[in-house]
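Inside the fold
Each chain is listed here by its residues.
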Amino acid sequence: MQHGEPLDELVYSEVMFSDTVSGELPEHKRFIYETAIPYFEKRGIPTRVLRGQKTYLDCFYHIVSRGNAEGKLASFPLTGRCSIQRDCKLPPIRTYQKTLPQDTVYYLGIAADEPIRLARLKANQTSLLAKYNLTEKDAQAMCQAEGLLSPLYAFTGRGGCWFCPNASMRELRHLYNAHPDLWQLLLELQDVPNKATERFNRSYTLHDLDLLFSLEGEQLSFFTYGER
Ligand code: SF4
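Residues numbered from 1 in each chain as written. Predicted model: local features only at pLDDT ≥ 70, side-chain atom pairs only at ≥ 80, totals over all residues.

Okay, the overall build of the protein next. For the protein, the helix and strand inventory stands at nine helices and four strands. Reading the protein from its N terminus to its C terminus gives the helix and strand order β-α-β-α-α-β-α-β-α-α-α-α-α. C-alpha atoms of the protein, sized along the principal axes, occupy 55 × 55 × 35 Å. Among the 228 residues that make up the protein, the fraction classed as buried is 18%. Sequence-distant contacts in the protein: of pairs separated by 6 or more residues, those separated by 24 or more amount to 57%. (Helix = DSSP H or I, 4+ residues; strand = E, 2+ residues; numbered from the N terminus. Buried ≥ 20, exposed ≤ 12 C-beta atoms within 10 Å, placed from the backbone. Contact = placed C-beta atoms within 7 Å.)

So, in structure tokens, the structure goes:
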């Protein structure tokens, strides 16, 4: 906008956990709907919100039809090969793209210092950050200055679904402490029988993580008590 680049609209594909629960952490969802979308609306740029037909739960309960896990529930997406992007996030974008003129150009938020991602850009995609030689750090500073930095960045360097198998321990700990209702939804899935995998991520089941975080909490209260 600051360079006068043409921009018709923003497109946001919201991954859903279920028909009613978003895949975004609540504080990030609030930021998107209450800060980011209104910011651009005020400047004449509308946001188109898309949602796929499939939710995380649809993917979780999908019955595998071949291979070693045939007949089992697909269950937790795999670390490094998450199916949620493919099945929930991208399909509504692709469907919407089909309704747009062929010569539509898509701006992607890839910074000048992300050479691997930049090399993957297709002919109809472009990065304005790269065009104006702005790094990830520059982009963060610009967002901060405009009040457009999601509260997520207070505890993580990445955005992602709250059920992401690639989430760091810090992100998982945040989910456990700040959103026990969402944590409970994951714990309930751990108890569903006939899953293709018992592990939530590469190393742990949700019960392992639950125990770990609850012990951390007990230790913390022990130390706090001792300091009185
Ligand atoms: S943030 Fe994680 S769970 Fe969500 S689509 Fe990406 S890899 Fe999958």
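The topology assignment puts Ile-93 in helix α3 (residues 83–97). With 32 residues separating them along the chain, Ile-93 and Tyr-61 place their C-alpha atoms 23 Å apart.

The next point concerns the site of the ligand. Every residue near the ligand is listed here: Val-15, Pro-77, Cys-82, Ile-84, Gln-85, Lys-89, Gly-160, Cys-161, Cys-164 and Asn-166. A class-by-class count of the residues in the shell around the ligand yields six nonpolar, three polar and one charged. (Near = placed C-beta within 6 Å. Nonpolar A, V, L, I, M, F, W, Y, C, P; charged D, E, K, R; others polar.)

This part covers the pairing of strand β2 (residues 47–50). Bridge analysis of strand β1 (residues 10–13) against β2 gives four bridges, and the strand direction is parallel. The residue of β2 that forms the bridge with Val-11 is Arg-48. You can see the chain leave β1, run along helix α1 (residues 26–42) and come back into β2, and the turn it takes is right-handed. (Pairing = 2+ DSSP bridges. Right-handed = clockwise from strand over helix to strand, strands pointing away.)

This next bit is on the nonpolar core. The nonpolar side chains of a soluble globular protein tend to be buried, and buried together. Grouped together as the largest cluster of nonpolar side chains are 23 residues, with contacts concentrated most on Val-15, Tyr-56, Ile-84, Cys-161, Trp-162, Phe-163 and Leu-172. Sorting the residues of this core by element identifies α2 (56–60), α3, α7 (169–178) and α9 (206–227) as the ones contributing at least two each. For this core, the leading source of residues is α7, giving three residues. Those residues within four positions of Leu-172 in sequence are excluded, and the remaining contacts are Ala-167 and Leu-209. (Core = buried A, V, L, I, M, F, W, Y, C linked by C-beta atoms within 7 Å.)

For the rest of this paragraph, the subject is unusual backbone geometry. Although it is not a glycine, Ser-75 adopts a positive phi angle of roughly 55°. Here Ser-75 shows up in the loop between α2 and α3. Phi is positive for Asn-194, which is not a glycine, with a value near 65°. As for its position among the elements, Asn-194 is in the loop between α8 (180–190) and α9. By C-beta crowding, Asn-194 is classed as exposed, having 10 other C-beta atoms within 10 Å.

To continue, consider α3. Helical periodicity: at 3.6 residues per turn, an α-helix aligns residues three or four positions apart in one direction. Between its first and last C-alpha atoms α3 spans 21 Å; for 15 residues at 1.5 Å apiece the expected length is 21 Å, and the two agree. Along its length, α3 shows its largest kink, about 50°, at Leu-90, and proline Pro-91 lies within four residues downstream of that point. Among all positions in α3, only Ile-84, Asp-87, Cys-88, Lys-89 and Pro-92 are buried. (Expected span 1.5 Å × (residues − 1). Bend = angle between axes of the 7 residues up to and from the residue.)

Considering only alpha carbons, one finds Asn-194 and Lys-72, 122 residues apart in sequence, at a separation of 5.4 Å. When sequence neighbours within four positions are dropped, the list of residues in contact with Asn-194 reads Lys-72 and Leu-73.

Summarising the element assignment, Asn-177 is placed in helix α7. Asn-177 sits in the exposed class, given 12 other C-beta atoms within 10 Å. Between the alpha carbons of Asn-177 and Ser-214 there is a distance of 9.4 Å; along the sequence they are 37 residues apart.

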